[in-house]
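# Commentary on secondary and tertiary structure
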Amino acid sequence: MTKLQHLAFPAALSLALGESGLSRDEAGNAMGWSVSKTSRVFNAEDNYFPAIPSIPDLCVVLRNDIILDWLCVNTKELRKGRHDLLPQLSTLEVLQLLSQIGEEMGEVNAEVNKALEGDNKIQKHETPRIIKKAHRVLARYQELIIAMHAVQEEAS
């Protein structure tokens, strides 16, 4: 597949439309867009884009996740280059961050074990706490990755 990080958004949108096999009009009709809006959204020369809340529906209509993949790839690429958003960490601070991540992962593990007690199942009402704690760990890992990219670039 095309390297999405090298595409501008209009090109990714065009690729998604092309992969769908639908015409612009068919996609626009399925989205409930006017002819004018459809024309603007799919015109690479017009700086007009679908509203963010409509992106999931558009992916369903186009029967692919190219737009979502483009967003993810480009967000990750931007993060790699934006280590300046966080101050550079000293060796001690990196070790402290790793320790904190370990503790937070332990909290996720404890929450899962608590949910499994008695019935060996995770009930629907127990998942929000687990997900919230797991997202926190993922965010902390992202901090670590950004810090490591900064160290890597400084060493180069």
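Below is a short write-up of the structure. (Residues numbered from 1 in each chain as written. Predicted model: local features only at pLDDT ≥ 70, side-chain atom pairs only at ≥ 80, totals over all residues. Heavy atoms only, no water.)

Each full turn of the α-helix corresponds to 3.6 residues, which orients residues three or four apart in the same direction. Helix length check: helix H1 (residues 9-20), at 12 residues, gives a terminal C-alpha distance of 17 Å against a target of 16 Å (1.5 Å per residue), a fit within 8%. Phe9, Ala12, Leu13, Ala16, Leu17 and Ser20 are the residues of H1 that are buried. Taken end-on, H1 shows its buried residues confined to a sector of 140°, consistent with a single buried face. Residues of H1 that are exposed and angled more than 90 degrees away from the buried face: Gly18 and Glu19. Looking one or two residues past H1, Gly21 carries a phi angle of roughly 80°, positive in sign. (Helix = DSSP H or I, 4+ residues; strand = E, 2+ residues; numbered from the N terminus. Expected span 1.5 Å × (residues − 1). Buried < 20%, exposed > 50% of the residue type's maximum accessible area, 1.4 Å probe, protein only. Arc of directions from axis to C-beta.)

Quick look at the nonpolar core now. Among the nonpolar cores identified, the biggest contains 19 residues, and Leu13, Ala27, Trp33, Phe42, Leu58, Leu62 and Ile67 are the most heavily contacted of them. Sorting the residues of this core by element identifies H1, helix H2 (24-31), helix H4 (55-62) and helix H5 (66-81) as the ones contributing at least two each. Look past the residues within four positions of Leu62 in its chain and what remains in contact with it is Ala16, Leu17, Ser20, Leu22, Ala27 and Ile67. Grouped together as the second largest cluster of nonpolar side chains are 6 residues, Val94, Val108, Val137 and Leu144 included. (Core = buried A, V, L, I, M, F, W, Y, C linked by side-chain atoms within 4.5 Å. Contact = heavy atoms within 4.5 Å.)

Here Gln142 is to be found in helix H7 (residues 127-155). Residue Gln142 is classed as partly exposed on the basis of its relative accessible area of 23%.

A few words now on the packing of H2 against H4. Put simply, H2 and H4 touch, their axes get as near as 10 Å, and they point 130° apart. For the element pair H2 / H4, the angle class is oblique. Where H2 crosses over H4, the two elements pack in a sense that is right-handed. Here Ala27, Ala30 and Met31 of H2 come into contact with H4, specifically with Asp57, Leu58, Val61 and Leu62. (Axes fitted to C-alpha atoms, helices over the stretch in contact; angles between N-to-C directions. Parallel < 35°, antiparallel > 145°, perpendicular 65-115°, else oblique. Left-handed = near helix turned anticlockwise from the far one by under 90°.)

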